[in-house]
Amino acid sequence: MDSVDPLVVESAAALARHLRQGRDRRLAVLEWFAEAGTPSAAPGAARVPEPPVVAVREALVWALQRSASQRLVEFARSAAGASEEGQDALYTAAGRLMGSYRGAANPALVRAALEAGGDVPAEAEGPDFRSMVHLVAAIGLGAQEVGADALAEAFAAFGMFGLTAEDWAQMLGAAERGEGPEVDWGLLQQNADIVAQVQRASDEELLRAREVLVGLRMFYALYVLHGLLLPDTPAQAALRERIDEWGMFPFLDHVIAIDPSPMQFAESLAVFLAPFYDGLYQVLMDQFAEDPDIFNIPGDDTGPAGFGERWMRAVRELSGPVAAVSGGAGHGPGELALMQPDHVILPQPG
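Structural notes, computed from the coordinates. Because the structure is a prediction, the values reported are computed rather than measured.

1. Some remarks on the overall build of the protein chain
Phase 1: Scanning the protein chain from terminus to terminus reveals 19 helices and zero strands.
Phase 2: When the 350 residues of the protein chain are sorted by exposure, 45% land in the buried category.
Phase 3: Across the protein chain, every contact between residues at least 6 apart in sequence was considered, and the portion connecting residues at least 24 apart equals 72%.
Phase 4: Of the roughly 17,500 Å² that the protein chain leaves accessible, carbon and sulfur atoms contribute 54%.

2. Considerations on helix H14 (residues 234–246)
Phase 1: Along its 13 residues, H14 runs 19 Å from first to last C-alpha, staying within 8% of the 18 Å computed at 1.5 Å per residue.
Phase 2: Taken residue by residue, H14 has Ala235, Gln236, Ala238, Leu239, Arg240 and Ile243 as its buried positions.
Phase 3: Tucked inside the fold, the buried residues of H14 contact helix H13 (203–226), helix H15 (249–255), helix H17 (275–290) and helix H18 (303–316).
Phase 4: A positive backbone phi angle near 60° is found at Gly247, which sits one or two residues after H14.

3. Quick look at the environment of Leu284
Phase 1: Its location among the elements puts Leu284 in helix H17.
Phase 2: Residue Leu284 is classed as buried on the basis of its relative accessible area, which comes to 0%.
Phase 3: Sequence-wise, Leu284 and Arg242 are 42 residues apart; in three dimensions their C-alpha atoms are separated by 6.8 Å.
Phase 4: Excluding residues that lie within four positions of it along the chain, Leu284 makes contacts with Leu216, Phe219, Leu239, Arg242 and Ile243.

4. Quick notes on the environment of Leu269
Phase 1: Along the polypeptide, Leu269 turns up in helix H16 (residues 262–271).
Phase 2: Separated by 235 residues in sequence, Leu269 and Ala34 place their C-alpha atoms 9.8 Å apart.
Phase 3: Apart from residues lying up to four places away in sequence, Leu269 is in contact with Phe33, Leu60, Leu206, Ala209, Arg210 and Leu213.

5. Some thoughts on the side chain of Arg23
Phase 1: Looking at the secondary structure, you find Arg23 in the loop between helix H1 (6–18) and helix H2 (25–36).
Phase 2: Ignoring sequence-local partners within four residues, the contact set of Arg23 consists of His18, Ala28, Glu31 and Pro262.

6. Quick look at helix H3 (residues 53–65)
Phase 1: The first and last C-alpha atoms of H3 sit 18 Å apart over 13 residues, in line with the 18 Å expected at 1.5 Å per residue.
Phase 2: Residues of H3 that are buried: Val56, Arg57, Ala59, Leu60, Val61, Trp62, Ala63 and Leu64.

7. Side note on the nonpolar core
Phase 1: Of all hydrophobic cores here, the largest spans 88 residues; its most connected members are Leu216, Leu252 and Phe272.
Phase 2: At 12 residues, H13 tops the list of elements feeding residues into this core.
Phase 3: If near-sequence neighbours (up to four positions away) are discounted, Leu252 is found in contact with Leu216, Tyr220, Ile243, Phe272 and Leu280.
Phase 4: Of all hydrophobic cores here, the second largest spans five residues; its members include Ala105, Val110, Leu114 and Leu229.

8. Re the packing of H13 against H17
If you want to describe how two helices pack, look at the angle between their axes and the distance between the axes.
Phase 1: At a minimum axis distance of 10 Å, the contact between H13 and H17 shows a crossing angle of 55°. Comparing their axes, H17 and H13 come out oblique. For the element pair H13 and H17, the recorded crossing hand is left-handed. In this structure, H13 contributes Arg208, Glu211, Val212, Gly215, Leu216 and Phe219 to the contact, and H17 contributes Tyr277, Asp278, Leu280, Tyr281, Gln282, Leu284, Met285 and Phe288.
Phase 2: For the contact of H13 with H17, the residue count by class is nine nonpolar, two polar and three charged.

9. Some words on the pattern of salt bridges
Phase 1: What the rule picks out here adds up to 11 salt bridges.
Phase 2: Close ionic contact of Asp278 with Arg208 constitutes a salt bridge, the shortest N to O distance being 2.7 Å. Of the two residues, Asp278 sits in helix H17 while Arg208 sits in helix H13, which places them 70 residues apart along the sequence.
Phase 3: Taking relative accessible area as the criterion, Arg208 reaches 24% and is therefore assigned partly exposed.
Phase 4: One salt bridge connects Arg310 with Asp300, and the closest N-O pair in it is separated by 3.3 Å. Placement of Arg310 in helix H18 and of Asp300 in the loop between H17 and H18 is noted, with a sequence separation of 10 residues between them.
Phase 5: For Arg310, a relative accessible area of 35% corresponds to the partly exposed category.

10. Brief notes about the packing of aromatic side chains
Phase 1: In the structure shown here, the tally under the stated rule is 10 aromatic pairs.
Phase 2: Measuring from centroid to centroid gives 5.3 Å for Trp246 and Phe276, while their planes differ by 55°, and the two rings are tilted. A residue pair is termed long-range when its members are at least 10 positions apart, and Trp246 in helix H14 and Phe276 in helix H17 qualify at 30 residues.
Phase 3: When its relative accessible area of 22% is taken as the criterion, Trp246 is described as partly exposed.
Phase 4: When its relative accessible area of 29% is taken as the criterion, Phe276 is described as partly exposed.

The rules behind these values
Residues numbered from 1 in each chain as written. Predicted model: local features only at pLDDT ≥ 70, side-chain atom pairs only at ≥ 80, totals over all residues. Heavy atoms only, no water. Helix = DSSP H or I, 4+ residues; strand = E, 2+ residues; numbered from the N terminus. Buried < 20%, exposed > 50% of the residue type's maximum accessible area, 1.4 Å probe, protein only. Contact = heavy atoms within 4.5 Å. Areas by Shrake-Rupley, 256 points an atom, 1.4 Å probe, with all protein chains shown as cover. Expected span 1.5 Å × (residues − 1). Core = buried A, V, L, I, M, F, W, Y, C linked by side-chain atoms within 4.5 Å. Axes fitted to C-alpha atoms, helices over the stretch in contact; angles between N-to-C directions. Parallel < 35°, antiparallel > 145°, perpendicular 65-115°, else oblique. Left-handed = near helix turned anticlockwise from the far one by under 90°. Nonpolar A, V, L, I, M, F, W, Y, C, P; charged D, E, K, R; others polar. Salt bridge = Lys/Arg side-chain N within 4 Å of Asp/Glu carboxyl O. Phe/Tyr/Trp six-rings, centres within 6.5 Å; stacked < 30°, edge-to-face > 60°.

As structure tokens, this is what we get:
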């Protein structure tokens, strides 16, 4: 009798871990794909085998077709050429989705407030994403219909590159008047359709997007936890500086969840198919390779164990709650516990 291929056994076990009675098999495949791309916390542990990429793509398309963002894009496109009432309905639907979301509070300002024993200042609050309704409208009605000023507000909400609404308005207005580089609004249309992006992507691009997502999630977590009195080190400060240079914290906060559901994982992976985010990830990996001592405090020879003890002691000594650092994604106590030094699994440099 022929022996069973160990890879087949391991793959069946991986799927079984995520497949519960009554659960759609595609959700289990997404969790399996996410697990296979996450480094193990146990040194020397065997890697989880990869699910078939054909099954992964099918699961991603299925999940994204049911996502709120994709349904909103399709609704926006149906509003093209609609009556004024139809256009108003688009703004109402987009506002309902965006209106309750605020980004995470500025971790540096939160940390300063906690260390001083005061309240978190109002300027620490994360960005208000209600103006993102203008981007949704531009997808359906066209950028010219929405206007440069409204779109400037939407782009500024992300906080990317550190540009203000005035900065964006100046650039978009110049392009509109033919006084600056032309804006390719077709890219907005193309990137808005996350289902089509996944369908177009090669197998290698899907795997790379997962690597970028997992890696950026860890760098993002370090940035957020700086606000919760995580002991600072030169290596951490250098990584935060790189993120700030790109003005990317608000955007990462918008698209990354520390412990995502399969549906959240699918949406984030589709976003990180874009080459731009691959570039940010590579910049951070290069910096990490240059100084990987994330949990080693200069002059302290206790290493990661002492680092963790110092952090827990600082949190216990707080007189008030630390929940103020949480933004739209939310970080509960269980998630924060998983981010202790013994649990944080960063990509390996080089």
